[in-house]
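Each chain is listed here by its residues.
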Amino acid sequence: MTAVESRPAGALSQGPGSPGNRPFGARVKAFMILTKPRVIELLLMTTVPVMFLAAGGVPDLWLVLATCIGGYLSAGGAAAFNMYLDRDIDALMDRTAQRPLVTGMVSPREGLVFASVLTVVSVAWFWVFVNLLSAVLSFAALLFYVVGYTMILKRRTAQNIVWGGIAGCMPVFIGWSSVTNSVSWAAVVLFLVMFFWTPPHYWPLSMKVQEDYARVGVPMLPVIAGNKVVARQIVLYSWAMVAVSLLLQPLGYTGWFYTAVAVACGAFWLKEAHGLRARAKAGLTGAKLKEMRLFHWSITYVSLLFVAVAVDPFLR
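Quick look at the confidence of the model for the protein chain now. Across the protein chain, the average pLDDT comes to 92, with 93% of residues at 70 or higher. For the stretch residues 1–15, pLDDT sits under 50, and the model shows 23 contacts to residues farther than four places along the chain or on other chains.

The next point concerns the side chain of lysine 154. Relative to the helices and strands, lysine 154 is located in the loop between helix H8 (132–153) and helix H9 (160–164). A polar contact of 2.6 Å, which involves the side chain of lysine 154, links it to the side chain of aspartate 86. Every residue in contact with lysine 154, bar those within four places of it in the chain, is listed here: Asp86, Ile89, Tyr149, Asn160, Val218 and Pro219.

Although it is not a glycine, asparagine 181 adopts a positive phi angle of roughly 60°. Along the chain, asparagine 181 turns up in the loop between helix H10 (166–180) and helix H11 (185–208). Although it is not a glycine, lysine 290 sits at a positive phi angle of roughly 55°. Mapped onto the secondary structure, lysine 290 falls in the loop between helix H15 (256–281) and helix H16 (292–311).

Let's shift gears to the environment of tryptophan 125. Mapped onto the elements of the fold, tryptophan 125 is located in helix H7 (residues 108–129). Counting along the chain gives 48 residues from tryptophan 125 to glycine 77, while the straight-line C-alpha distance between them is 13 Å. Not counting residues up to four positions away in its chain, the partners in contact with tryptophan 125 are Trp62, Ala66, Ile69, Gly70, Leu73 and Val130.

A few words now on the environment of valine 209. Residue position: valine 209 is located in the loop between H11 and helix H12 (210–216). Judged by relative accessible area, valine 209 falls into the buried class, the value being 15%. Once the C-alpha coordinates of valine 209 and valine 223 are considered, the two residues, 14 residues apart in sequence, prove to be 9.4 Å apart.

Put simply, H7 and H8 touch, their axes get as near as 7 Å, and they point 155° apart. Here H7 lies roughly antiparallel to H8, going by the angle between them. Considering the relative orientation of H7 and H8, their crossing is right-handed. The residues of H8 that touch H7, namely those facing Thr119, Val123, Phe126 and Trp127, are Leu132, Ser134, Ala135, Ser138, Phe139 and Leu142. Residue composition of the contact of H7 with H8, by class: seven nonpolar, three polar and no charged.

Inspection of every chain in the model, using the stated rule, returns 14 aromatic pairs. Relative to phenylalanine 129, the ring of tryptophan 125 has its centre 4.3 Å away and its plane inclined at 45°; by these criteria the two rings are tilted. Residue tryptophan 125 and its partner phenylalanine 129 are located together in helix H7, separated by four residues, close to a single helical turn. With 4.7 Å between their ring centres and 70° between their planes, phenylalanine 268 and tryptophan 297 make a pair best called edge-to-face. Of this pair, phenylalanine 268 sits in helix H15 while tryptophan 297 sits in helix H16; the two residues are 29 residues apart in sequence, bridging distant segments of the chain. Classification of phenylalanine 268 by relative accessible area gives partly exposed; the value is 36%. Above the face of the tyrosine 84 ring, arginine 87 is positioned so that its terminal group lies 4.4 Å from the ring centre.

Bringing the state of the cysteines into the picture now. Going through the model one piece at a time under the given rule, you end up with zero disulfides. Residue cysteine 265 stays outside any disulfide, its sulfur separated by 19 Å from that of cysteine 169, the closest cysteine. You can call cysteine 265 buried: its relative accessible area is 8%.

Criteria and cut-off values
Position numbers for residues count from 1 along each chain, tracking the sequence in the order it is written. Side-chain atom pairs in this predicted model are given and counted only at pLDDT of 80 or more, local residue features only at pLDDT of at least 70, and totals for whole chains, interfaces and linings cover all residues. Processing note: side-chain calculations cover all non-hydrogen atoms of the structure and skip hydrogens and water entirely. pLDDT expresses, on a scale from 0 to 100, how confident the predictor is about each individual residue. Here, residues are in contact when the closest pair of their heavy atoms is within 4.5 Å. Only DSSP runs of H or I with at least four residues qualify as helices, and only runs of E with at least two residues qualify as strands; both kinds are numbered from the N terminus onward. In protein, a polar contact means a hydrogen-donor-capable atom and an acceptor-capable atom, both N or O and within 3.5 Å, with residues adjacent in sequence counting only if both atoms are side-chain atoms; elsewhere, any N or O pair within 3.5 Å suffices. Summary of the burial criterion: residues with accessible area below 20% of their type's maximum are buried, those above 50% are exposed, and those between are partly exposed, where the area comes from a 1.4 Å probe applied to protein chains only. In this description, a line fitted to the C-alpha atoms serves as the axis of each element, helices being fitted only across the stretch in contact, and the angle between N-to-C directions of two axes falls anywhere from 0 to 180 degrees. Reported orientations rely on four angle classes, namely roughly parallel under 35 degrees, roughly antiparallel over 145, roughly perpendicular from 65 to 115, and oblique for the rest. Whether a crossing is left-handed or right-handed is set by the direction in which the near helix is turned from the far one by less than a right angle, anticlockwise for left-handed and clockwise for right-handed. Nonpolar residues are Ala, Val, Leu, Ile, Met, Phe, Trp, Tyr, Cys and Pro. Charged residues are Asp, Glu, Lys and Arg, and all others, Gly as well, are polar. Centres within 6.5 Å make a pair out of two Phe, Tyr or Trp rings, where for Trp the six-membered ring is used; the pair is then stacked when the planes are under 30 degrees apart, edge-to-face when over 60, and tilted otherwise. Think of it as a cone above the ring: NZ of Lys or CZ of Arg counts as a charge over the ring if it is within 6 Å of the ring centre and within 35 degrees of the ring normal. Two cysteine sulfurs form a disulfide in these notes if their separation is within 2.5 Å.

Structure (C-alpha cells):
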C-alpha cells in the first residue's frame, strides 16, 4: 500500500477542512485557489495584448472584458480539474500540501462539480458573448491541459511540460480569434514564442523542487536527467524562443518598438540562461545554482514582451 493510498487526498478530517470547521470566507477563498488565479493572470497577460495587435489599436472594450471573463472561467475550470486529478500527489509534495482538496476545505466531489460547472459556463460564455471559434479554442485548451497534460503526459514522460505547455499557448489564439474570428500568422508566431518559453520558464522551478517530484514519481526532466542536462535544454529552448520572437517585424505585424523590446529582453534572458548553464556545469547546487533567477525573469520577460505587442500598433 502506497502513502497515497493510505491517506486519501481530500478526505475530510478533524483538521482545518473538517465539516464543522469550514467558515464561509475560508471556503470562498478555497474555491478561488482551485482556479489558480496567479496562473490565470499570466494567461490573460498574453490574451489582451494580442487583441490590441489584432485590432491594430484599441479593441472593443466590452469584447476585452468578455474575453477575460471567459478566459478566467475556462482556465479556472482546467486548474480545478488539475487539482482534483493530482490531489494524491499534491498531498505528498511540500509546495502543494495546503491546496484545498488536500486540506479538505473542499471535498473531491465539490471540486469535480466546481470544475465541471466552470467548464460548461466558459464554453457557453465564449459562444454567446465572443464567438464560436473562441469557444472551441478555449475548450480545446482546457481539454488538452486536463487530458493531454494532467492525465497522460505528466506522470509518464519527461517531455510533459514541453507538450503539455501547448495548453498555455492557446490564449494567444483565443485573443486573436476573439477580435477577428480567425487565426493569423502573427498569432502562430506568438503561440510559438509561448511554446518555446514554457520549458525554460518551468524547468528552473522544477530544479528547485525536484525532490518533491522525485518523491511522488513524476518524471520532470530535472528528476531523471540532472541539472547539467536541464540547463543545456533551457539554453536551446531559450535561443529558439528569442529567434521566433523576432519574426513579427519581417512578417509585417509589428514595428521598431516591439522589435527593440524583444531584442533587449531576449538578450537579458539569454544571459541568464547561459549563466544558469555555467553554474550547472560547474556542479553548483542549492542556493549557489540560483535557478530561480531565470524563473522570476521569465515572468517579467513575457509581461514586457506582450506589453510591447499591445503598445506597438500605436507607434507605427
